[in-house]
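Commentary on secondary and tertiary structure
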Amino acid sequence: MQDKKEKQHLPPAVESRNLPLRHPEAPNLSNWAALTIVFLVVSAVMLPMAFLGVPDGFDLMQHMRFAGAYHDAILSGEFIPKWAAQDNFGFGSIGIRYYPPLAYYGLALTKIATGSWYHSFWLTTYGWALLGSVGVFFWLREWTNNIAATIAGVLYIVIPYHTFQIYQAVLYAEFAASGLLPFCFFFLTRLCHRRRWIDVILFAVAYSLLILTHIPTAIIATLCIAVYGLIIVNWKEIKDTAIKVGAAVALSGISVSFHLVKAVTEVDWVKHNSQQYFGTGYYNYKSYFFPIYFSATWDRYVQKMLWHFDTIIFLTILCFSLALLAYFLRRSRTPRSVLQSKNSRAVLVTGLFSLFMLSVGSSFIWDFVPPLAKIQFPWRWLSVASLMGSASFGIAATMLLFKGNKFNRSATYPMILFIVLVGMYDISQNIIPSTPLDRASFEKGVENMYNEEGCPGWWPIWAERAAFDQPEQAIAASRESVISEWTGESRRIEVTGGEVGDLRIATFYHPFWTAVLNGETVRVDKDINGAILIPLPAGP
């Protein structure tokens, strides 16, 4: 009888969705009030970019080159470009055949709408940030209260790795992926709880979009999703859940196949797949395990700002420390608390797993599983660690902040101090030192980016820098050549008669280039620097 009475007092939504109890002591906060707080904090963190300028990070112009290729393709009526024609002084590049496209479609379409690359960059960056924090809010609402969800959503944009991503390193695509990551866990949570086909579709959509945004984050997320899912799943319904999760993964695979099949089958043709970009030199993952201080010389530690990562990881660990503290303090008093629900335990365990994978303790796994080296930097696991740390902090904060409907001051002040500390770090170490480019400087940089060398990692493997020493678009030895067409993926050249030889075209060779000479298909070759060569007969 006691069990029946307790069941009758459960909130209908909880009973129907089979979710854990929400924390009964936290005060109520409406959805609109919570989302307004999230919106205001995201705006405070991201809007300085609109007024102060776009951060001038190392990867900034490479991201703009990718976006420029999609922009040009869309305007020419081709939604999926095959070749980045304007890169590298017009020799082109093939990065867009491998790097996921979603973040750059966002930039390109916003540029078309606003007419400005500057507005496109800060607007899309702001959008990804807001999307991620809102995603965290809705995810945590699945089993907690609006207070916990709001704290987590706010902390997700404030947590130092995110401001570092965009204000310091300008890891634009990875930052965009952080906006989609919470939705993967949100819809997986709903799928495991409700096992409805609509949640299968939504999870497949979120997971597909993540893959189409940033591959390293997708790989990391896949492993963490597996850990999280195994903890929250109802093992009594494992067969039904497994079928639906499998269906979602299959749908995702089909959805992203147009890009992944191309990238996987052609991967040996791009320099970025060569050994120099994985496991050696600057990209040697063994040099970036936490604590990086012990694996780098002092000069490199300071000059390369590697101390940034150690500090950011340490601050992220503090988020989990609060959750562990709350867990042990509240365990005996509230055995059915939100903190001890399956979901909260899954958040904590998944977060600790991600921290382990970026630490020196996981080095044996990286050595044993060679594909992990292609993630390049263990600190990329901070994408998931930051998400789980924000969620853990929000859940734990709610448990510690309230006694009945009153604030617990002894817990409030340390948490406020921690958030202030994180905010000060963001401002002093990430935002202020970001060397922003004002609108005029940024637009000029984008305008001139094709007259500069792009990242060699996105060149074909046979391309050499020496090709730029001969910039003429078409050379046929002593024979005269006239260019009648030169577009993104097509060149038409008329050559006068003369000695048998080759026509050199100032475009990097790729196996998918085809040539038609006087109505007949001929072999396309390359010179020693990777530029296209087409054999010419004596006639015109």
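Predicted model, so just to flag it, every value in this text is computed and none were measured.

**What to know about the overall build of the protein chain**
Broken down by element type, the protein chain carries 20 helices and 12 strands. At 27 Å, the protein chain has a C-alpha radius of gyration in line with the 24 Å of a compact globule built from 540 residues. Along the first, second and third principal axes, the C-alpha set of the protein chain runs to 100 × 50 × 45 Å. Per-residue burial for the protein chain yields a buried fraction of 54% across its 540 residues. In the protein chain, once contacts between residues fewer than 6 apart in sequence are set aside, the share between residues at least 24 apart is 75%.

**Examining the packing of aromatic side chains**
Ring pairs (aromatic) are described by centroid distance and by the angle formed between their planes. Here the structure, examined in full by the defined rule, presents 47 aromatic pairs. Between Phe121 and Phe442, the aromatic rings sit 6.1 Å apart at their centres with planes inclined by 55°, giving tilted as the arrangement. Placement of Phe121 in helix α7 (residues 117–140) and of Phe442 in helix α20 (residues 439–448) is noted, with a sequence separation of 321 residues between them. For Phe121, a relative accessible area of 0% gives the class buried. Relative accessible area serves as the criterion here: at 0%, Phe442 is assigned to the buried category. In this structure, Arg491 packs its charged tip against the face of Trp486, placed 4.4 Å from the ring centre. Across from the ring centre of Trp462, 5.3 Å away, lies the NZ or CZ of Lys526, which sits over that ring.

**Observations regarding the pattern of salt bridges**
Under the defined criterion, the tally for this structure stands at 13 salt bridges. For Arg97, the salt bridge identified is with Glu266, shortest N-O distance 2.7 Å. Here the residue Arg97 occupies a position in the loop between α5 (60–75) and α6 (102–114), and Glu266 occupies one in the loop between α13 (238–265) and α14 (298–303), the gap between them amounting to 169 residues. Each member of the pair, Arg97 as well as Glu266, carries the same accessibility label: buried. The shortest N-O distance in the salt bridge between Arg523 and Asp525 comes to 2.7 Å. Each of Glu78, Lys82 and Glu489 takes part in salt bridges that share partners, so that together they form one network.

**Comments concerning the confidence of the model for the protein chain**
Low-pLDDT stretches of the model should not have their predicted coordinates read in fine detail. Averaged over all residues, the pLDDT of the protein chain equals 88, while 91% of them reach at least 70. When the criterion is pLDDT under 50, residues 1–24 qualifies, and its contacts beyond four places in sequence or with other chains add up to 28 contacts. For the stretch residues 335–339, pLDDT sits under 50, and the model shows 19 contacts to residues farther than four places along the chain or on other chains.

**Description of the pairing of strand β6 (residues 481–487)**
Of the strand pairs in this sheet, β6 and strand β7 (residues 490–495) are connected by six bridges, and their pairing is antiparallel. Paired with Thr487 across the strands is Ser490, a residue of β7. With antiparallel pairing between neighbouring strands as the criterion, β6 and β7 make up a hairpin whose turn holds two residues.

**A short note on the sheet that holds strand β5 (residues 474–475)**
Strands sit in the order β5-β8-β12-β11 across an open sheet of four strands; the sheet is antiparallel. Two strands in the sheet have a free side with no partner beyond their single neighbour: β5 and β11 (525–526). With two bridges joining them, β5 and strand β8 (residues 501–508) adopt antiparallel strand pairing. Note on β8: the bridge partner recorded for Ala474 is Ile505.

**Thoughts on helix α19 (residues 409–431)**
Here α19 spans 31 Å end to end across 23 residues, near enough to the 33 Å set by a 1.5 Å rise per residue. Those residues of α19 that sit buried are Ala411, Thr412, Met415, Phe418, Val422, Gly423, Tyr425, Asp426, Asn430 and Ile431.

**With respect to unusual backbone geometry**
Cis geometry marks the peptide bond from Phe290 to Pro291, where omega comes out at 0°. With respect to the helices and strands, Pro291 occurs in the loop between α13 and α14. Unusually for a residue other than glycine, Phe89 sits at a positive phi of about 60°. Phi angles above zero are rare outside glycine, and Ala477 is one such case at about 55°. For Ala477, a relative accessible area of 72% translates into the label exposed.

Calculation rules
- Residues numbered from 1 in each chain as written.
- Predicted model: local features only at pLDDT ≥ 70, side-chain atom pairs only at ≥ 80, totals over all residues.
- Heavy atoms only, no water.
- Helix = DSSP H or I, 4+ residues; strand = E, 2+ residues; numbered from the N terminus.
- Rg over C-alpha atoms; globule rule 2.2 N^0.38 Å.
- Buried < 20%, exposed > 50% of the residue type's maximum accessible area, 1.4 Å probe, protein only.
- Contact = heavy atoms within 4.5 Å.
- Phe/Tyr/Trp six-rings, centres within 6.5 Å; stacked < 30°, edge-to-face > 60°.
- Lys NZ or Arg CZ within 6 Å of the ring centre and 35° of its normal.
- Salt bridge = Lys/Arg side-chain N within 4 Å of Asp/Glu carboxyl O.
- pLDDT = per-residue confidence, 0-100.
- Pairing = 2+ DSSP bridges.
- Expected span 1.5 Å × (residues − 1).

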